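# Chain and residue survey
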Amino acid sequence: MATTTDTVRLTIDGIPISVPKGTLVIEAARRVGVMIPHFCYHPKLKPDANCRMCLVEVEKMPKLQTSCSTVATEGMSVRTATTVVHDAHKSVLEFILANHPLDCPVCDQGGKCDLQDFSHQYTATGSRFAETKRIFQKEYFSPLIETQMNRCVQCLRCVRYCDEVMDVKALAPVGRGTMTEIKSFGAHPLDCEFCGGCVQICPVGAITSRLSMYEYRPWMLKRADTVCTFCGDGCQITVQTKDQQLIEVNSAQGAGRNNGDLCARGFFGFHATSHPSRITTPLIRRNGALVEATWEEALLFVAEQTKRLKLAHGPQTFGGLISGRCTNEELYLFQKFMRLTIGTNNLDSSARYGHLNGVQAMKRVQGTHRWTVTFEDITQADVLLLVGTNITETNPITGLKVKEAVKKHHATLLTIEALQPAIGTISNITNLSQHHLCVAPTQFGSAVLGLLKAVVEGNHVEGTLQQRASDYVASSSKAVQQLSWDDLTLRTGIARESFVQMAASVAGGRRVVVLPGQTLLRSQGAYGICLNLLDLLLLTGKLTETGCGFAPLAEENNDQGAIEMGAVAELLPGALDLTDQDARAQMTRAWKEEIPSMAGASLIEMIDGAHAGTIKGLFIIGENPVGSLPPQTHVKEALDKLELLVCQELFLTETALLAHVVLPAASAMEKAGTFTNTEGHVQSVRPAIDPVGDSRPDWEILSAFSVFLSAPLEYGDAKELLKEIRTVIPGYGSLGPTPIPPTVDRAAVDRYTAGGYRQDLATRYTLPARTRRPDGTVQLGLVQSLFHSGKLSTHSKGLVQIEPSGFLQMNPVDAARFALGTGNRVRLSNSRGEFTTTVKVLDRVPEGLAWLPDHFAQDALRLFDCVIDPDTKVPSYRTASVSVVKAT
Amino acid sequence: MPKHELILLKNMMQPGYTGSLQDYERAGGYQALRKVVGKVPPADVTTTVMKSGLRGRGGAGFPTGVKWGFLPKDYQGPRYLCCNADESEPGTFKDRQLIERDPHQLLEGILLACYAIGAESAYIYIRGEFVLGARILESAIAEARAAGYAGENILGTGITANVWVHRGAGAYICGEETALLESLEGKRGLPRVKPPFPATHGLYNKPTVVNNVETLANLPHIISRGPEWFSAIGSPPKSTGTRIFCVSGHVKRPGNYEVPMGVTFRELIYEEAGGMRSDKPLKAFIPGGASAPFLTPDHLDVKLDFESVAAAGSMLGSGGVTVMEEGTDMVWAALRLMEFFYHESCGKCSPCREGSSWLVQTMRRIVAKRGRMEDLETLVDLCKNIAGRTVCAFGDAEISPIMSTLKHWRPEYVLLIHEAEAANLIHLKRTMAQP
Amino acid sequence: MLKEKYGAEIAEILSHYPVKRSALIPLLYLAQQDEGYVSEAAMKEIAQMLRLTPPQVYETATFYTMLNLKRVGKFHLQICKSLMCALVGSDTVIGWVKTKLGIGPGETTADGLFTLSTVECLAACGTAPMMQINEDYYERLTEETFDRILADLKKDGTCSLKTGPFMWPEAPRAQ
Ligand SMILES: Cc1cc2nc3c(=O)[nH]c(=O)nc-3n(C[C@H](O)[C@H](O)[C@H](O)COP(=O)(O)O)c2cc1C
Ligand code: SF4
Ligand code: FES
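Residues numbered from 1 in each chain as written. Chains lettered and ligands numbered in written order. Predicted model: local features only at pLDDT ≥ 70, side-chain atom pairs only at ≥ 80, totals over all residues. Heavy atoms only, no water.

### A closer look at the overall build of chain B
We apply this condition: Secondary structure elements are taken from DSSP: a helix is a run of H or I of four residues or more, a strand is a run of E of two residues or more, and numbering for both begins at the N terminus. Throughout, the radius of gyration refers to the C-alpha atoms, and the reference size of a globule is 2.2 Å times the residue count to the power 0.38. Residue contacts follow a heavy-atom distance rule, with two residues in contact if any of their heavy atoms lie within 4.5 Å. Each accessible area value is a Shrake-Rupley result obtained with a 1.4 Å probe; residue values ignore everything except the protein chains displayed when judging cover. We count Lys and Arg on the positive side and Asp and Glu on the negative side, and we leave His and both chain ends out. Every charge is mapped to an atom, namely NZ of Lys, CZ of Arg, CG of Asp or CD of Glu.
For chain B, the helix and strand inventory stands at 18 helices and 10 strands. Computed over the C-alpha atoms, the radius of gyration of chain B is 23 Å, within 12% of the 22 Å expected from 2.2 N^0.38 for a compact globule of 435 residues. Over its C-alpha atoms, taken along the principal directions, chain B stretches across nearly 95 × 45 × 35 Å. Contacts spanning at least 24 positions in sequence make up 70% of the contacts within chain B whose residues lie at least 6 apart. Accessible surface, chain B as shown: approximately 14,900 Å² in total, 56% of it carbon and sulfur. Distance between charge centroids for chain B: 1 Å, based on 48 positive and 47 negative side chains.

### Some thoughts on the site of ligand 2
Our working definition: One heavy atom within 4 Å of a molecule or strand makes the whole residue count as near it. Three residue categories are used. Nonpolar comprises Ala, Val, Leu, Ile, Met, Phe, Trp, Tyr, Cys and Pro, charged comprises Asp, Glu, Lys and Arg, and polar comprises the others, including Gly.
Close contacts around ligand 2 come from 14 residues, with Cys152, Cys155, Leu156, Cys158 and Cys202 of chain A the closest. Split by residue class, the shell around ligand 2 holds 12 nonpolar, 1 polar and 1 charged.

### A word on helix H9 (residues 328-342) of chain A
Residue and element names in this part refer to chain A. For clarity, the cut-off: In this scheme, a helix's expected span is set at 1.5 Å multiplied by one less than its residue total. Bend, in this description, refers to the angle at a residue between axes fitted to the seven residues ending there and the seven starting there. With a 1.4 Å probe rolled over the protein chains alone, any residue whose accessible area is under 20% of its type maximum counts as buried; one over 50% counts as exposed, and the rest are partly exposed.
Relative to the 21 Å expected for 15 residues at 1.5 Å per residue, H9 spans 20 Å between its end C-alpha atoms, a close match to the ideal helical length. Along H9, the sharpest kink reaches roughly 25°, centred on Lys336. Among the 15 residues of H9, 15 are classified as buried, and the element is accordingly described as predominantly covered. Gly343 sits one or two residues past H9 and shows a positive phi near 100°.

### Side note on the pattern of salt bridges
This is how it is decided: Salt-bridge detection follows one rule: a side-chain nitrogen of Lys or Arg within 4 Å of a carboxyl oxygen of Asp or Glu.
Using the criterion set out here, one finds 84 salt bridges over all chains in the structure. The partner of Arg827 of chain A in a salt bridge is Glu834 of chain A, with the nearest N and O atoms 4.0 Å apart. Arg827 of chain A sits in the partly exposed class, given a relative accessible area of 33%. Between Arg365 of chain B and Asp375 of chain B there is a salt bridge, with its nearest N and O atoms 3.0 Å apart. With Arg365 of chain B in helix H15 (residues 350-367) and Asp375 of chain B in helix H16 (residues 373-386), this pair connects stretches of sequence that are 10 residues apart. Across this residue pair, the class does not change: Arg365 of chain B and Asp375 of chain B are buried.

### Things to note about the environment of Ile79 of chain C
Residues and elements named next belong to chain C. In this structure, Ile79 sits in strand E1 (residues 75-80). With relative accessibility at 0%, the residue Ile79 sits in the buried group. Placed 53 residues apart in sequence, Ile79 and Gln132 show a C-alpha to C-alpha distance of 6.5 Å. Beyond its immediate chain neighbours, meaning those up to four positions away, Ile79 contacts Ser90, Val93, Ile94, Val97, Leu116, Ser117, Thr118, Val119, Met130 and Met131.

### Some remarks on the environment of Met53 of chain A
Residues and elements named next belong to chain A. Take Met53: it is sitting in the loop between helix H2 (25-31) and strand E3 (55-58). When its relative accessible area of 0% is taken as the criterion, Met53 is described as buried. Considered as a pair, Met53 and Ala688 are 635 residues apart in the sequence and their alpha carbons are 37 Å apart. The contacts of Met53, once residues within four sequence positions are left out, are Pro37, His38, Phe39, His89, Val92, Leu93 and Tyr122.

### Notes on the site of ligand 1
Residues and elements named next belong to chain B. This is how it is decided: For this analysis, a polar contact is any N or O atom pair within 3.5 Å, provided that within protein one partner can donate a hydrogen and the other can accept it, and provided that sequence-adjacent residues contribute only side-chain to side-chain pairs.
In the region of ligand 1, 18 residues are neighbours, and Gly58, Lys67, Asn84, Asn212 and Thr215 sit closest. Within the backbone of Glu87, one N or O atom sits 3.3 Å away from an oxygen atom of ligand 1. With respect to ligand 1, the side chain of Asn211 contributes an N or O atom lying 3.1 Å from an oxygen atom. About the coverage of ligand 1: the protein hides 90% of its 610 Å² of free accessible area. Considered class by class, the residues forming the shell around ligand 1 number 4 nonpolar, 8 polar and 6 charged.

### A short note on the domain arrangement of chain B
By a frequent convention, interface size equals the accessible area lost on bringing the separate parts together. Residues and elements named next belong to chain B. This is how the line gets drawn: What marks off one domain from the next here is an automatic or database domain assignment. Two parts placed together each lose some accessible area under a 1.4 Å probe, and the buried area is that loss summed for both.
Here chain B is partitioned into domain 1 (10-232), domain 2 (242-325) and domain 3 (330-430). Taking only C-alpha atoms into account, the centre of domain 1 sits 27 Å from that of domain 2. Of all residues in domain 1, Arg57, Glu89 and Phe93 give up the largest surface area on contact with domain 2, accounting jointly for 33% of the area buried on that side. Linking domain 1 to domain 2 there are 1 salt bridge.

### Observations concerning the packing of helix H3 (residues 83-98) of chain A against H15 of chain B
Condition: In this analysis an axis means a line fitted to C-alpha atoms, helices contributing only their contacting stretch, and an angle means the value between N-to-C directions, from 0 to 180 degrees. Throughout this description, any angle smaller than 35 degrees is read as roughly parallel, any larger than 145 degrees as roughly antiparallel, any in the 65 to 115 degree range as roughly perpendicular, and the remainder as oblique. Each crossing gets its hand from how the near helix is turned against the far one by less than a right angle, where anticlockwise is left-handed and clockwise is right-handed.
For the pair H3 of chain A and H15 of chain B, interaxial distance at closest approach is 9 Å and the crossing angle is 60°. Put simply, H3 of chain A runs oblique to H15 of chain B. Crossing geometry of H3 of chain A relative to H15 of chain B is assigned as left-handed. Contacts from Val92, Glu94, Phe95, Ile96 and Ala98 of chain A in H3 of chain A reach Ser350, Pro351, Glu354, Gly355 and Trp358 of chain B in H15 of chain B. Here the contact of H3 of chain A with H15 of chain B is composed, by residue class, of 6 nonpolar, 2 polar and 2 charged.

### Structural notes on empty space enclosed by the protein
Residues and elements named next belong to chain A. Put simply, the test is: Detection works on a 1 Å grid of protein atoms alone, calling trapped sets that fit a 1.4 Å probe cavities and calling open sets with protein on both sides within 12 Å along at least five of seven lines pockets, with lining residues defined by an atom within 4 Å of a point. Grid points are joined across faces, edges and corners, and a volume is the space filled by probe spheres set on the points.
Per the stated rule, a full pass over the model turns up 11 cavities of 30 Å³ or more. By volume, the largest cavity amounts to about 200 Å³. Glu417, Thr519, Leu782, Val783 and Gln784 are, among the 15 residues lining the largest cavity, the residues nearest its centre. For the lining of the largest cavity, the elements supplying multiple residues, two or more each, are helix H19 (518-521) and strand E29 (777-783). Here the element with the most residues in the lining of the largest cavity is E29; it accounts for 3 residues. When the residues that make up the lining of the largest cavity are grouped by side-chain class, the tally is 6 nonpolar, 7 polar and 2 charged. In this structure, the second largest cavity occupies an estimated 140 Å³ of space. In terms of lining, the second largest cavity is formed by 17 residues, of which the most central are Gln137, Glu139, Thr147, Met149 and Glu181. Element by element, the count of residues in the lining of the second largest cavity is highest for strand E8 (residues 181-183), at 3 residues. Tallied by class, residues from the lining of the second largest cavity come to 6 nonpolar, 7 polar and 4 charged.

Dropping the structure here:
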């Protein structure tokens, strides 16, 4: 009867209830439907009991107690509905209202304000307060956030959120007593992550969003619950609209995988798709220029050209590329269109840029293409190993789970990333790390091998594995033992002792989750490193334990979906191998048509094909290879040679500008479907507004192509597509609020340990070449910024206000070495070209490295070379050695 | 010569006593420490203090030994002692004297407490304004370290007891023990919600004892002379020992007087402090600092011990006795204290934060003869709505001046309001008389 | 930069505490002692030393009345106006400041020498009226002593009338 000791029974207004030990009275009351008024309490925050609003009577206690800070105990009897309690609530409210300006008519919170609601409930009559109300001097707070401190009820929810949840600590309660005012530093405008958390958590109108100031009253808004498209975390957002205009985005406490938390992109980035430069009509190239056309004309043009090329050169001269921002339904239809209507496996998606490395490694070692853990496992982990992820910037909400694990549940955080612990205006996960290895991206492989070596040498290899898979253990042990500590230290700059300690932490953990992120997944050799990280879990006996797992972080919102829908050359829906005969047979049965058997070309192979003239027609949906790939891949020249380039796009990207036909696509705000987030959770996407102009959802466009190509793939709506997906992948779709992760396939593990590991063990257990950095150079890296996501977000007026342009981020020591300071112009060059930009000096950048945000790095791409992974065909072009010279 | 035997002020009353280590040792100092450290089990020291009946001199009067007993017995990590030298309760100025004149007496007390509770670090949280006091303590600590009484290996026993001085920076609330801990952690001095109590989750979340200067200064004497000796002084069993009463206001000889608990206010005011300064009759007195409700001449024969003062409707508090003569404006006096509380409210709890500003504004209006009769009802209501509804005892304290003056001198409020109304009436008549 | 100027003091302060943030108020005092007030640059530097964000330093600094975030005069007269002092004439002392120096609470003389603040109880109620000037207490003020204090401060920068070590009533004199 373990449960009885873990729960307590109490009564709330006579209603008996049993709750887990440690439950607060206010929570227990909520469970029986008793809502106790409150301001400072918030389930995410530690009780502060400052507003005193939630007072209740507790039997045997002489004074009223704050239910937000009182823990329910066995036999407790709580009364919330007595006259004493009611009078107490009324009186506290009277105090809180005393200094509050009654400016509800001009307050954006009006209609959704806790103070307004409680006042309505308790003090319908006027106030006895006849003195002068306090007035705060108005100060400019920030470009996106407005403060009206006269309205503040000093519950400190904003300050506490910023500290406890975000770990940013940008808000300060300044002064004392009634004159306490929430500010940033001095009279300076707010400088922070702009997560919008303070706006969302403020119970009154003291902190509001400037993006929607004075634009609405809450009851005028129409809401749609959907999923954010800016990263792989898959946050639930509520999009509020008025007359087809996007007014604001928020997220309800407790809702979605994000539990109501958002980042700057989610909260302030929503205008991206309503940018005036959206394409709203089909365009056809005539006499070299793209001119407006009707849908009919455009579709006909594409169909005719496709038919002509197919007839002349066969289906293998076609290729297709789709963005991982599309819905599952679209990704599914895209690959079906390419495979059936066109008849080729030449197709790829943005998952190719890195996510595939992680998924293929999982498939090979543990037989799943999804995480075997969930966000909940991250918060409950006792050891977290983050490799190559500046998680708070790339996957901010998964980052919050990590912060919660560390800050609330005291998990041990281990990090390997090219990042220095430093307090800045953006949270830095390495600040919370118990053990951080600051390693250049080119040496992540060495760091992981160092860790493996320390595991082996520290006798942390799990006992039964030694017996079950002695060869595997012996081979891998031997391989790491051949590495010398001197070499490891030379490459990583990390002393052996650090590896030893980290290995002991991993081995000692009960619930160990490894999170590899984009810096790793997009780096050269990433597939092998992922395999080695899986080896780490396997060798320490964690891989198959509950709560343990390997969790690669997806970059695009639906990269995971792209893989699961089979929108990559080598995989069929369900992420089954194209070469798997059973899978092919099953697909053929479902589609009632043969799938082309010839292996498909992946992204770079298609580009190369176009260059060589073997690919003549390309369908590109929401992807911009010209803008994303370094010119060294000759992508522009290649696309120039195509006979047919069709782009479905929101904006006229560098790629779309080369197209023969550009079709206006509807954004995720304008369509229905599903997204699969990084943890494999499928969630519904719902339209908030109608498609802008003549734009159509991508699946509708594909479906229309198929009709014009006389091989109709017709569906009434996205739901019908999902229904078909379910017949191919049983059970696919949204299944409740939390994912049910797959378990490790033990047969797959056995195959791997029995010999599957052998094929490449020698190569991946070899240290990467030493990176030598000549004097006067730095290692330039492309990184993601918290305030942007691909190029889409650069169309968001909110985000552009926070970060309008890119800059070279450098360590102070390097900056001094090159006589550079924040704001200086700098010229970067190497044998491939040169690039000039502005410098920003930041403590968090490690010495010898310099970062350039991806989203503004277009012209810098020429400095990078591209290396293709031999196994996963992932192109890697994230680091380059460049000379640095101050530009005048 | 004082009529009562002095304990805490004894050394410093010796002509020529400088408070140096030498002087203190010559007067028998550090014998208590020598007696117990490494010789008597720490738990026995706690028992001794418990037996003595010593109660906290900081305000709340909690039994010191009992407080120490709340520390978790089997906890392995660090524990802390904090000496509360914040002394900011208006009317109180005894700790300052204990610190500046006999720092080693306090230090010995601190070291004894450290030994008893197993604390290797003690912080003396001294109010920021006591710059001189902080310097005197610093040099006393240096002397004590050099002599082996404090530091890494006290009296060669291998026991560590480091004492540090930490200056506050101007905030009355930091005298409240949990606000003190927050402040010592470098944060805003906002009281913490209790439970958990400092005994289990104190400084840096570690088991911690907070004791007042005077409380700690008693320890060497209790250890040297035994709990029985101590518990026989004053009015046993509940109020043992002496207390230093800080007499201020309209008396002939204001100052610090150490008397056994249980003497009457009459004796303290008329004998020790020499009676009223200009031979006007006494009108009111505050028995225990600004937080204690005012008392009247009817209470002069109340005994100065915890229970008697409580029974009289006030509290012994910090020992600050402020005397007011006939002719003092009680509404004005209450306002002065209210202004203090308004200035010092930390702002954490809405009733205290908003209530103090509301009360102060209303009182100012009344004193400025712009009051209204219904203000009196509002004042009482507001006070009642603050009491018992805040995180710390500040809320209960801030209403004392208004509630008690309204209770005893309500006619003075009424008079001010009548004058206000009369003025209004005259004003009204004048305006009406105009053509 | 505080660190360069007071390296040893800072190290000593930090050594007193197991948690860095505890050194915040001591370091703010150091900054105030250095510049006469706590500047923004100092707060930023302290934040960095203690691994805090500048807002964290700021929120703490603004809670405590003894930390000046703005410049004050060379001599900061802090006159206690709490009840105990008021009973025996602190308002009169404030009046002297007005007539003799021409400043009211919160004001600074034109020559930048004196700033007047009224403060709450400074624990010298038995020796009221009183004031603190910078670090020193002056108690049992009379108009005569008050004049002398001002004159001495102007002339010598210090005054022998400052009080302490405190004891009241005083001990009998040694023979
Ligand atoms: C608002 C407030 C202010 C206080 N100020 C002081 C003070 O200045 N000095 C002090 O010793 N205790 C003060 N206390 C009492 C302390 O909280 C605490 O009870 C005391 O330091 C414990 O020591 P003791 O048990 O030795 O008395 C104050 C309490 C409150 C509620
Ligand atoms: S601004 Fe809002 S959230 Fe912050 S303390 Fe004030 S009322 Fe609370
Ligand atoms: S909600 Fe409990 S005190 Fe604010």
